[in-house]
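Inside the fold
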Amino acid sequence: MSRRICRSVCVALGFIVAGVGLLLGFYVFPLLVNQQIDDTMKLVNGTETFERWDTLPIPLQFKVYFFNVTNPDEVQNGAKPIVTEVGPYVYDEYRHKYDITEDEDGTLS
């Protein structure tokens, strides 16, 4: 008789633990993750996200290559062009937003 009660209690506890696990795994955990993402991504003045949006922490790097045609007269007469590479010219662009205003509906301009 006691074995049957122990087995029933274990099965009941197993179902309860499985139910709580499913509830946490499929409802509570995704809700918490989405809430954390929403809180992190909001552009509120004074937050780290706003500062990264306002001023890019890493400059945009541009590499420009030019090619010089060394035989332009022959090319105009149908010859194959001979080109020499000039560059690369590398530029770092630092972007900063200015005159930021918050509209009545909460958007930024």
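Conventions adopted
- Residues numbered from 1 in each chain as written.
- Predicted model: local features only at pLDDT ≥ 70, side-chain atom pairs only at ≥ 80, totals over all residues.
- Heavy atoms only, no water.
- Patch = residues over 30% accessible without salt bridge, like charges linked within 9 Å, V, L, I, M, F, W, Y side chains within 5 Å.
- Areas by Shrake-Rupley, 256 points an atom, 1.4 Å probe, with all protein chains shown as cover.
- Salt bridge = Lys/Arg side-chain N within 4 Å of Asp/Glu carboxyl O.
- Helix = DSSP H or I, 4+ residues; strand = E, 2+ residues; numbered from the N terminus.
- Phe/Tyr/Trp six-rings, centres within 6.5 Å; stacked < 30°, edge-to-face > 60°.
- Buried < 20%, exposed > 50% of the residue type's maximum accessible area, 1.4 Å probe, protein only.
- UniProt positions renumbered as here; feature names shortened; annotations may be inferred.

We now examine a nonpolar patch on the surface. There is a patch of nonpolar side chains on the surface, built from Ile5, Val9, Leu13, Ile16, Val20 and Leu24 and spanning about 540 Å² of accessible area. Topologically, Leu24 is positioned in helix H1 (residues 2–41).

Another aspect to go through is the packing of aromatic side chains. For the coordinates displayed, the defined rule picks out two aromatic pairs. When the ring of Phe50 is compared with that of Trp53, the centres are 5.7 Å apart and the planes differ by 50°; the resulting orientation is tilted. Linking Phe50 with Trp53, this pair stays in helix H2 (residues 48–54), spanning three residues, or about one helical turn. Residue classification places Phe50 among the buried residues on the basis of a relative accessible area of 7%.

Here we take up the UniProt feature "transmembrane region" (unreviewed entry) in the protein chain. Taken from the UniProt record, the annotation "transmembrane region" (unreviewed entry) applies to residues 12–33. Between the C-alpha atoms that bound residues 12–33 the distance is 30 Å, and the span itself is 100% helix and 0% strand.

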